[in-house]
Amino acid sequence: MRIAFLGTPEFAVPSLRMLIAEGHELAVFTQPDRPKDRGHALAMPAVKLAALEAGIPVYQFEKIRLPEGVEALAAFMPDLVVTAAFGQLLSAENLAVPKYGTVNVHGSLLPKYRGASPIQTAIIEGEEETGVTTMLTSLGMDTGDILLAAKTPIGENETYGELYSRLAELGAELLKETIARIETGTLEPVPQDDALATRCRPIKKQDAEIDFSLPSKRIHDLVRGLNPAPTAFARLGEANIRIHRTQLIPQQEQLLEKFASAAPGECVIASPKQGLIVRTGDGFIGIAELQFPGGKRLEAKAAMNGKKLLGCRFEQKQEV
RNA sequence: CGCGGGGUGGAGCAGCCGGUAGCUCGUCGGGCUCAUAAUCCGAAGGUUGGAGGUUCGAGUCCUCCCCCCGCAA
């Protein structure tokens, strides 16, 4: 098939690679190169790198829904358009181009977690299961009819980054099956049940601040849902301490007895041998990996060699 | 040339107004112990990111370079 692939970050790469391996005739549309990190170097989207590697033509538009983009898409005369974490809205003109329609690969079990951050949000919300869904793209935000879905459990300590990779792979497999069944005409699009739909918004900086007055589990879910990026943090005086990994503590009886009066956010244990343990709303949580301003990420035990945090208390989160 | 922080024994840090480097952990040896992640005694280990400069003398001041980190995007 002639397939136009619209995608941008790593999440879309396994799907693109799959399409390449399947021998489809491809054109890639992705976001423009953007200035990244310090300095001013332009960085190519992951999908562009993968496409160039395979010698596939790449088109980059600020907005593919504008006439220039629509024209370029139409000029390729695709049978099918596939989108995966593209990051741009499509117009009715875009959707009218391919005869088999436009298929999107989404990182959640729709209709749950429509929107920009389905993978992070599923973890942060404490979900024990998630998955990927392929759907027909419509003009709404992830509201199109569902084609296929694949479920997967979320590990207790699984991070956003880990789940992201797994879902990207799972998405590629599901897309493969989806396309095969489109070709054979054995798919029946099922409308989403809007009553069950939930929406997730892009993660904002304030979402990443830890509120130690919450239960330990909620904090743990937030931290792993934001790892490796944008990373949860807590304020200690003027400094923002980034918290990369936390650890739930099974037996808390002794701690409770000893530090019952500690306030949420207080470091009740902070030593090179025992690591860092902080009081939370319903108990205690271990900080396994953290990062001070200007420094690299560190195992908490290593960090405790030079910093004396015992008795220090993380600031109360300021509600905005 | 977007803004800022930092590079000191294996790790994390200290070192004020310049006088050849200190702490915690780890490592190694030994003690205690049924045993130990616990504890005690002792030891090894650093051309202080690199190159110049100022100085009687620089980790500490100046210049340039390299690398790391955060913000912004």
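Residue positions within a chain follow its written sequence, with the count starting from 1. Whichever chain is written first becomes A and whichever ligand is written first becomes 1, with later ones labelled in order. Note on the predicted model: pLDDT of at least 70 is required for a residue's local features to be given, and 80 or more for side-chain atom pairs to be given and counted; whole-chain, interface and lining totals, by contrast, use all residues. Side-chain numbers here rest on the full set of heavy atoms in the structure, without hydrogens or water.

**Re the packing of aromatic side chains**
Any aromatic ring pair is given by two values, namely how distant the centres are and how the planes are angled relative to each other.
So, point 1. Between the rings of Phe, Tyr and Trp (Trp by its six-membered ring), a pair exists once the centres lie within 6.5 Å; its type follows the angle of the planes, with under 30 degrees stacked, over 60 edge-to-face, and the other angles tilted. Going through the model one piece at a time under the given rule, you end up with 6 aromatic pairs.
So, point 2. Pairing Phe11 with Tyr164 gives two aromatic rings, centres 5.7 Å apart and planes at 65 degrees, and the pair type is edge-to-face. With Phe11 in the loop between strand E1 (2-7) and helix H1 (13-21) and Tyr164 in helix H6 (residues 160-183), the pair connects residues that are 153 residues apart, well separated along the chain.
So, point 3. The cut-offs for exposure are 20% and 50% of the maximum accessible area for each residue type, with area from a 1.4 Å probe on protein chains only; residues under the lower value are buried, those over the upper are exposed, and the others partly exposed. Residue Phe11 is classed as buried on the basis of its relative accessible area, which comes to 6%.
So, point 4. Accessibility expressed as a relative area gives 17% for Tyr164, which makes it buried.
So, point 5. An aromatic cluster is built from Phe11, Tyr160 and Tyr164, whose rings are joined through pairwise contacts.
So, point 6. Put simply, a charge is over a ring when the Lys NZ or the Arg CZ is close to the ring centre, within 6 Å, and near the line of the ring normal, within 35 degrees. Directly above the aromatic system of Phe233 lies the positively charged group of Lys205, at a separation of 5.9 Å from the ring centroid. Each helix corresponds to a stretch of at least 4 residues labelled H or I by DSSP, and each strand to a stretch of at least 2 residues labelled E; elements are numbered beginning at the N terminus.

**Overview of the protein's contact with RNA strand B**
So, point 1. A molecule or strand has a residue near it when one of that residue's heavy atoms lies within 4 Å. Close to RNA strand B lie 18 residues; Asp37, Arg38, Gly39, His40 and Lys273 are nearest.
So, point 2. Sugar and phosphate atoms constitute 54% of the interface atoms of RNA strand B, taking the interface as everything within 4 Å of the protein.
So, point 3. Contact distances for RNA strand B include 3.2 Å between a base nitrogen and a backbone N or O atom of Pro35.
So, point 4. Between RNA strand B and Ala302 there is a distance of 3.5 Å, counted from a sugar or linking oxygen to a backbone nitrogen or oxygen.
So, point 5. Charged means Asp, Glu, Lys or Arg here, nonpolar means Ala, Val, Leu, Ile, Met, Phe, Trp, Tyr, Cys or Pro, and polar covers whatever is left, Gly included. When its residues are assigned to classes, the surface near RNA strand B shows 5 nonpolar, 7 polar and 6 charged. Polar contacts, as used here, are pairs of N or O atoms within 3.5 Å; protein pairs need one atom able to donate a hydrogen and one able to accept it. Residues neighboring in sequence count only if both atoms are side-chain atoms.

**Description of the domain arrangement of chain A**
So, point 1. According to the domain assignment, chain A contains domain 1 (2-200) and domain 2 (205-303).
So, point 2. Computed over C-alpha atoms only, the centres of domain 1 and domain 2 are separated by 35 Å.
So, point 3. Between domain 1 and domain 2, the contact holds 12 residues from the first and 10 residues from the second.
So, point 4. Buried area between domain 1 and domain 2, both sides added, is near 830 Å², and the carbon and sulfur share of it is 56%.
So, point 5. By buried area we mean how much accessible surface two parts lose on assembly, using a 1.4 Å probe and totalling the loss over both. Area buried by domain 1 at its contact with domain 2 is led by Ile124, Thr159 and Tyr160, which between them contribute 49% of it.
So, point 6. Across the contact surface, domain 1 and domain 2 share 7 residue pairs in polar contact (both at pLDDT 80 or more).
So, point 7. For the side of domain 1 that touches domain 2, the secondary-structure elements that each account for two or more residues are helix H5 (118-124) and H6.
So, point 8. Residue classes in the side of domain 1 that touches domain 2 are distributed as 4 nonpolar, 6 polar and 2 charged. Boundaries of every domain are those given by an automatic assignment or by a domain database. The criterion used for residue contact is that any of the two residues' heavy atoms lie within 4.5 Å.

**With respect to the sheet that holds strand E2 (residues 25-30)**
So, point 1. If DSSP finds at least two bridges between two strands, the strands pair. Reading across from one edge, E5-E2-E1-E6-E7-E9-E10 is the order of the 7 strands in this open sheet, with mixed pairing throughout. Single-partner strands in this sheet number two, and they are strand E5 (58-60) and strand E10 (146-153). Averaged over all pairs of adjacent strands, the angle between their axes in this sheet comes to 20 degrees, without regard to strand direction.
So, point 2. Where strand E6 (residues 80-84) lies against strand E7 (residues 102-106), 4 bridges are found, and the strand directions are parallel. Residue pairing in the sheet places Thr83 in a bridge with Asn104 of E7. Note on geometry: axes are lines fitted to C-alpha atoms, helical ones only across the stretch in contact, with angles between N-to-C directions running from 0 to 180 degrees.

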